[in-house]
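Residue strings, one per chain:
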Amino acid sequence: MTSARIRRPLMAAAVLLAVLSLAAVGAVIALAAAGQAAPQWITSTALYGLPAAFLLMLVLVADGVAARRRAGSSAGR
């Protein structure tokens with residue numbers, strides 16, 4: 001489906017998005033423990049970043065499975 005030139009940046013983006021989202025979740029929890037409300041952009045990053053990162057990883061895993069199946073079917077001929 002996708003070449004390694006596309007797959008590697010997608011993986012890096014997913015990892016970066018996941019790390020930033022986890023940091024945002026930590027910030028929201030820390031601010032809530034201090035009795036303050038987190039800014040809206042931090043809350044949005046925490047809420048939407050992790051699902052987006054997981055969806056990117058799901059696409060990459062599905063692409064890897066499809067590539068292995070294609071490679072396995074051509075090797076059997």
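Summarised in this report is the structure supplied together with it. (Residues numbered from 1 in each chain as written. Predicted model: local features only at pLDDT ≥ 70, side-chain atom pairs only at ≥ 80, totals over all residues. Heavy atoms only, no water.)

Quick word on a nonpolar patch on the surface
As a reminder of what qualifies: Patch definition: residues with relative accessible area over 30% and no salt bridge; like charges joined within 9 Å; nonpolar side chains (Val, Leu, Ile, Met, Phe, Trp, Tyr) joined within 5 Å. Computed by Shrake-Rupley with a 1.4 Å probe, the accessible areas treat only the displayed protein chains as cover when residues are assessed. A carboxyl oxygen of Asp or Glu within 4 Å of a side-chain nitrogen of Lys or Arg is what we treat as a salt bridge. Secondary structure elements are taken from DSSP: a helix is a run of H or I of four residues or more, a strand is a run of E of two residues or more, and numbering for both begins at the N terminus.
A cluster of nonpolar residues, Met11, Val15 and Val19, forms a patch on the protein surface that exposes about 250 Å² of accessible area. Here Val15 shows up in helix 1 (residues 4–33).

Considerations on the pattern of salt bridges
One pass over the full model with this rule turns up 1 salt bridge. With a shortest N-O distance of 3.1 Å, Asp63 and Arg7 are connected by a salt bridge. One end of the pair, Asp63, is in helix 2 (residues 40–75); the other, Arg7, is in helix 1, and 56 residues separate them in sequence.

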